[in-house]
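# Structural description and commentary
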Amino acid sequence: MDVYVDNGVYEEDKAEVEDASLQIGIGNLNKQVDNIKSQLFKIQVQLQLSKAQRNKDQKIQNNNKIRVDRWSMVQCAFMVTMATVQVYLLKQLFKEDKQAKRVQAAKI
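Just so we're clear, the structure is a prediction, and the values are computed from it rather than from any experiment. (Residues numbered from 1 in each chain as written. Predicted model: local features only at pLDDT ≥ 70, side-chain atom pairs only at ≥ 80, totals over all residues. Heavy atoms only, no water.)

This part covers the overall build of the protein chain. Scanning the protein chain for helices and strands turns up two helices and two strands. The linear arrangement of helices and strands in the protein chain, starting from the amino end, is β-β-α-α. Taken across its 108 residues, the protein chain has 1% of its residues classed as buried. Just so you have it, the protein chain exposes about 10,700 Å², and 59% of that area is on carbon and sulfur atoms. (Helix = DSSP H or I, 4+ residues; strand = E, 2+ residues; numbered from the N terminus. Buried < 20%, exposed > 50% of the residue type's maximum accessible area, 1.4 Å probe, protein only. Areas by Shrake-Rupley, 256 points an atom, 1.4 Å probe, with all protein chains shown as cover.)

Have a look at this one:
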């Protein structure tokens, strides 16, 4: 170890001080890099879980849409059928029998 006297203050070899400070800096840097890597890994796991959940939700949504569309078509067909039956029954209710008219006309 070299000691230099400068204005009454003893200083160690500047190269050794710089090496020591670099070692401390590199150690801190390595810790920070490891911390960032662990955080990135956690983010990737969360991202994968989020994508899986989104895909699951999208599949459920598509299945629900298909089910709703099918039931809507069945209900529409049922309503059209019922409307046709009602029109037919109303026509039958107010239909005048031609033969009955002839008989009544003949009696008069």
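Once the structure has been displayed, the description carries forward.
Under the criterion given, the structure shown has one salt bridge. Between Asp69 and Lys65 there is a salt bridge, and its shortest N-O distance comes to 3.1 Å. Taken together, the residues span about one helical turn, with Asp69 and Lys65 both in helix α1 (residues 14-94) at a distance of four residues. (Salt bridge = Lys/Arg side-chain N within 4 Å of Asp/Glu carboxyl O.)

Among the surface-exposed residues, Phe78, Met79, Met82, Val85, Tyr88 and Leu89 lie close enough to one another that they form a single nonpolar patch of about 620 Å² accessible area. Checked against the element boundaries, Val85 lands in helix α1. (Patch = residues over 30% accessible without salt bridge, like charges linked within 9 Å, V, L, I, M, F, W, Y side chains within 5 Å.)

Keep in mind these values describe shape, not function.
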